[in-house]
Structure formats: structure tokens, C-alpha cells
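Tertiary structure, described
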Amino acid sequence: MAELKLRGISKSFGAVKVIHDVDLDIGDGEFVVFVGPSGCGKSTLLRTISGLEEPSAGQVLIGGEDVTDFDPSERGVAMVFQSYALYPHMTVEENLGFGLRMGGMPKDQVSERVTSAARVLELTELLKRKPRQLSGGQRQRVAIGRAIVRQPKAFLFDEPLSNLDAELRVQMRIEIAKLHQQLGATMVYVTHDQVEAMTLADRIVVLRAGKVEQQGSPIDLYDNPDNIFVAGFIGSPRMNFIEGTISAIEGQEIAVSLTAFDGPDIRVRRRGSGGAVGDRISVGIRPEHFADASQYGIALTAKAQVVEQLGGVSYVYAVGRDDATKVTIQQKGHSRIDSGAMIEVGIEPGAAIAFDTDGLRL
Ligand SMILES: Nc1ncnc2c1ncn2[C@@H]1O[C@H](COP(=O)(O)OP(=O)(O)O)[C@@H](O)[C@H]1O
Ligand SMILES: [Mg+2]
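Residues numbered from 1 in each chain as written. Chains lettered and ligands numbered in written order. Predicted model: local features only at pLDDT ≥ 70, side-chain atom pairs only at ≥ 80, totals over all residues. Heavy atoms only, no water.

**Describing the domain arrangement of the protein**
For clarity, the cut-off: Domain delimitation in this document rests on an assignment produced automatically or drawn from a domain database. Any two residues having at least one pair of non-hydrogen atoms within 4.5 Å are treated as being in contact. Put simply, buried area is how much 1.4 Å-probe accessible surface two parts lose in total, over both of them, once they are put together.
Taken domain by domain, the protein comprises domain 1 (4-233) and domain 2 (240-355). Computed from C-alpha atoms alone, the centre-to-centre distance between domain 1 and domain 2 is 39 Å. Counting residues at the interface gives 10 residues for domain 1 and eight residues for domain 2. Surface buried jointly by domain 1 and domain 2 totals about 800 Å² across both partners, of which 50% is contributed by carbon and sulfur atoms. Of all residues in domain 1, Y222, I228 and A231 give up the largest surface area on contact with domain 2, accounting jointly for 58% of the area buried on that side.

**Some remarks on the pattern of salt bridges**
Rules: Each reported salt bridge corresponds to a side-chain nitrogen of Lys or Arg within 4 Å of a carboxyl oxygen of Asp or Glu. Only runs of H or I of at least four residues qualify as helices and only runs of E of at least two qualify as strands under DSSP, and these elements are numbered from the N terminus. Summary of the burial criterion: residues with accessible area below 20% of their type's maximum are buried, those above 50% are exposed, and those between are partly exposed, where the area comes from a 1.4 Å probe applied to protein chains only.
Tallied over the entire structure, the rule returns 13 salt bridges. Among the ionic pairs, K128 bridges to E93, the shortest N-O distance being 2.5 Å. Residue K128 is found in the loop between helix 3 (107-120) and helix 4 (136-148), and its partner E93 is found in helix 2 (residues 92-102); the two are separated by 35 residues along the sequence. Of the residues examined, K128 reaches a relative accessible area of 63% and is grouped as exposed. A salt bridge links R321 to D262, with the nearest nitrogen and oxygen atoms 2.7 Å apart. On the criterion of sequence distance, the pair formed by R321 in the loop between strand 17 (313-319) and strand 18 (326-332) and D262 in the loop between strand 12 (253-258) and strand 13 (266-269) is long-range, its members being 59 residues apart. Through salt bridges with shared partners, a single network forms among K5, R7 and D25.

Listed below in C-alpha cells is the structure:
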């Protein structure tokens, strides 16, 4: 196991620069998730750590050693991809041991490692099967097993669960979390799925257009996003962004008049000293931070367009007086709101945050 460091990593494909001067320290045993929209450079950055991609500038250090010029096979890291690419004619056991046998490891040592990996991944009963006799989740466990038997310094996962159906994804996500607890290994995990990021990571690194937008613990990013991009990316359903104008400022609390919603000015917390009376801003409120108006008073009125009842929670999709500005409101349990009804909504105190017109947190 080892710590990973990226120092000033940039990467261009021809004239197109896709990674911009990324510095990153990943601790020994840490589970770090790279998250961001498709094409933002997650895979490229991961492949740079593995050696499959050579950086245009910068250094990669693994366990304190500069491995920038090392081949992938010399770096002691193992990658798990979205497509598991198992050998169809080999059994699970043979698939797991293949890389080690090719590397010349003695038979009984291979067998020992395969047995141990199979136990960790609960594949023991399946060792004699061929890949076609396995479910998608079991195949992906075999692919992870091939990484485990190598006893790598770090595991690199590139969207390993993307090919699985929703239910299996949840199961495998929990398997990977357990695996990390058991092995205590350094893991870097790429996904565009913010739920995977939230649930697996010790630390999330949010990437956008080849740059680190923000990094921190899942809850830290959830509660304290630095900008609209991170606020909108983390959390599902997405945070609401509602336009308004600052009407008063008192210390860390600002009063905002919402443009498209009737109701009194709402109270928004600010972090720094930004913003002035009269500034147009965007108020960020998560769907679950709306409350019944009887609880905290009326913050805004809106027209419910569609109500989705999921049993445990309900989502009310509502619009402002312009019939266009949308807001998503989450309610606990069953909703008693009818589609088409005018509703009065409260906001949990301290939950609303604000962004300036550049999308930066106030
Ligand atoms: N081998 C390549 N040649 C040219 N462009 C590439 C290559 N690999 C990736 N890119 C480009 O680099 C950008 C980042 O890609 P990638 O790291 O795969 O994104 P992500 O994994 O976040 O979806 C994209 O614009 C992609 O088209
Ligand atoms: Mg990718």
C-alpha cells in the first residue's frame, strides 16, 4: 500500500489540453473518488497514475518514488475497468490466477492468492465456473479479484459499475466499500455517479474541464460547495438555484427578494463578506431543505405542477409566478399536495446559501 502524489500534471492530446496543472495528494489507505461530467478528464487522470497515459508535464509519485517514466507494469498499481474482459474459455480460478502465472509465480503461491481473493470476494463456490455462467455482478467481482491477487500498492477503478443494472450497482457499491475496509488499501475510483461518490469516498475530488473544482469529504462538499457547479453536481435531486436580489445584509445573514416567487424576503447565510444590497444573486436550496410553512413560516409560494410519490419521500415539482422558474421540493412520506395547487413553503433556517453571478459562493 502506498500514498500517491500528483505534481503539476497536465495532459494534451495534440493541441487540446484536457488536464490542467493538477496537484493531488492521496493518503495511504485513502479512498478518493474522482467525479465530474463526461469528458472532464477523470479517466485521463487515472490513466496517468497507472502509466497508461504519459503526462505532458508534471510528476507522478507512488510511495514517495517518482514513477513518471515507469511502465504500467512497474508501478505496482492495479486497474479495474468498466468492461471486465475476462477470458471466456477459462474458469474463474484460471482467470484470477492468469496474470500471476504469466509472471512466473510458482503454482502453490498462485493458488494461495487465488483462494484468499476468492474468499474476500465470496467467489469460492464459483471458482470452477466459466464467465458465461456468472451474473454481471459476479463477473465484475472476478475482475476485481484479478486486481486483488496482484497485491497492488493501490487500486484504480474506472467506472467499474457502469455496465451493471441499478440493483446490482447498489450491491457492488457496498461490496467495494467492504473491500476497502477489509484491505485498507489506497483506492482511486472514477465515476460520474454522484451517489457512488458520496457513499464510497473518504474524499471526493470534483473535476471540471480538466481542473480540480473542489475537494473534500462528501458531507463537506454537500454542505459547503464553493460554487454552483459543485453545488449542482453533488446531491440528488439537484440543488435548486433561484434568482433573487439582495435587499439587506446583517453580518453573515442576507435578506433576498426572490424574483419569480411571491413571499417575504428569505434569509440566506453567506460565508464571506461578498455581496451588496441590490446585487442579483442565485439562492441555493436543496429539495430536502424546504419545510412545511407551518414549521418555519412562509418563505415562498409556488404552483405545484407534478407530484411524485415514492412512498418514503415525495417530490413536488413547482413553478413561480412566471410559470417558468422551477423548484423541486422534497417532502417526507406521502404528499397531500395536489397537482395544480398553490402551495406555501418554508425553508429550514440556515439551509439556504448564495452564489454571485459568476457562480461563486458568497
Ligand atoms: N486518446 C485520446 N485522444 C484524444 N483525445 C482524448 C483521448 N482520450 C481522451 N481524450 C479527450 O480528453 C477529454 C477527457 O477524456 P476522459 O479523461 O476520457 O474524460 P472522462 O473520463 O471524464 O469522461 C475528452 O475531451 C476526450 O475526448
Ligand atoms: Mg472516463
